[in-house]
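A look at the structure
So you can see what is in the structure, the chains are spelled out below.
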Amino acid sequence: MKDTDKIRNLLQKVSEDNMIAFNQFYDCYYTKTFRFCYCFLRNKEACREVVSDVFLSVWKSKKRLPEITNIELYLYIIAKNACYRYLNNNSSSKYVMLDQIPMSVEQLDDNPESDLLTSEIEQMLTGVINDLPEKSRIIFMMSRRDGLKYREIAEILGLAESTVHVQARIAVKKIVEQMRKYYPDIDLAILFFIVL
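Residues numbered from 1 in each chain as written. Predicted model: local features only at pLDDT ≥ 70, side-chain atom pairs only at ≥ 80, totals over all residues. Heavy atoms only, no water.

Here is the rule: UniProt positions are given in the numbering used here, feature names are shortened, and annotations may be inferred rather than shown by experiment.
Going by an unreviewed UniProt entry, the protein chain carries the name RNA polymerase sigma-70 factor, ECF subfamily and comes from Parabacteroides chinchillae. Per UniProt, the protein chain carries the Sequence similarities (unreviewed entry) text "Belongs to the sigma-70 factor family. ECF subfamily."

Points about the pattern of salt bridges
Quick note on the threshold: Salt-bridge detection follows one rule: a side-chain nitrogen of Lys or Arg within 4 Å of a carboxyl oxygen of Asp or Glu. Elements are defined by DSSP. Helices are runs of H or I of four residues or more, strands are runs of E of two residues or more, and each kind is numbered from the N terminus. To sort residues, take the accessible area from a 1.4 Å probe on protein chains only and compare it with the maximum for the residue type: under 20% means buried, over 50% means exposed, and anything in between is partly exposed.
A full pass over the atoms with the stated rule returns 5 salt bridges. As a salt-bridge pair, Asp17 and Lys63 come within 3.8 Å of each other at their nearest N and O atoms. Highlighted residues: Asp17 in the loop between helix 1 (3–15) and helix 2 (19–41) and Lys63 in the loop between helix 3 (44–60) and helix 4 (71–89), separated in sequence by 46 residues. According to the relative accessible area criterion, Lys63 is exposed, its value standing at 54%. Glu45 serves as the salt-bridge partner of Arg48, at 2.5 Å between the closest nitrogen and oxygen. Placement of both Arg48 and Glu45 in helix 3 is noted, with a separation of 3 residues, approximately one turn of the helix. Using a relative accessible area of 54% as the deciding quantity, one classes Glu45 as exposed.

As for the packing of helix 4 against helix 7 (residues 150–157)
Each pair of packed helices gets described by two things: the angle between the helix axes and the distance between those axes. Note the following rule: Between N-to-C directions, angles cover 0 to 180 degrees, with each direction set by a line fitted to C-alpha atoms, over the stretch in contact for helices. Any angle that falls under 35 degrees is termed roughly parallel, while one over 145 is termed roughly antiparallel, one within 65 to 115 roughly perpendicular, and all others oblique. Note on convention: the crossing is left-handed when the near helix lies turned anticlockwise from the far helix by less than a right angle, right-handed when the turn is clockwise. In what follows, a contact means two residues having at least one pair of non-hydrogen atoms within 4.5 Å.
At their nearest, the axes of helix 4 and helix 7 sit 9 Å apart, and the two run at 45° to each other. Regarding the angle of helix 4 to helix 7, the classification is oblique. The chirality of how helix 4 crosses helix 7 is right-handed. Contacts between helix 4 and helix 7 involve Leu73, Tyr76, Ile77 and Lys80 on the former and, on the latter, Glu152, Glu155, Ile156 and Leu157.

Given below as structure tokens:
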């Protein structure tokens, strides 16, 4: 059975009030949904709250699940709207750093010096990404970390695909510029590996 058939079957069971199937669905999509929300909120506690709301919303509208053709897109749209609601309701809340997002760099060599350099680069990269303009940062994270195509990002965020493309280019350009300020001798190939 293909993965899409398994998901279809799972969604059908959820729509029939099967809690075991819903728990499997939750386990399958929780991490992706949490990471997506983190792009917007950058606060783990807020993400937990919003993700709970997302899955509660899915449960409440479970009868419609068999009609959904792209469940990930459906979840991302619900999550995006829930994040915006959360931000509107909690506009005074402070954000935290993007220290929990797995943006790892492969080890350059297998020795303590390169381990330290790799760790420094990852920390610097996190800070640079965190300082990007919001739209560029969200698009960069959706593309780089979640592996979404520009067309999918445009659909999720309600933007033109050309806007997504431009914002992604802006993000990469700013990341490369900032990283080169701190690490002028770093190999461009490593930088491009990190940001592309």
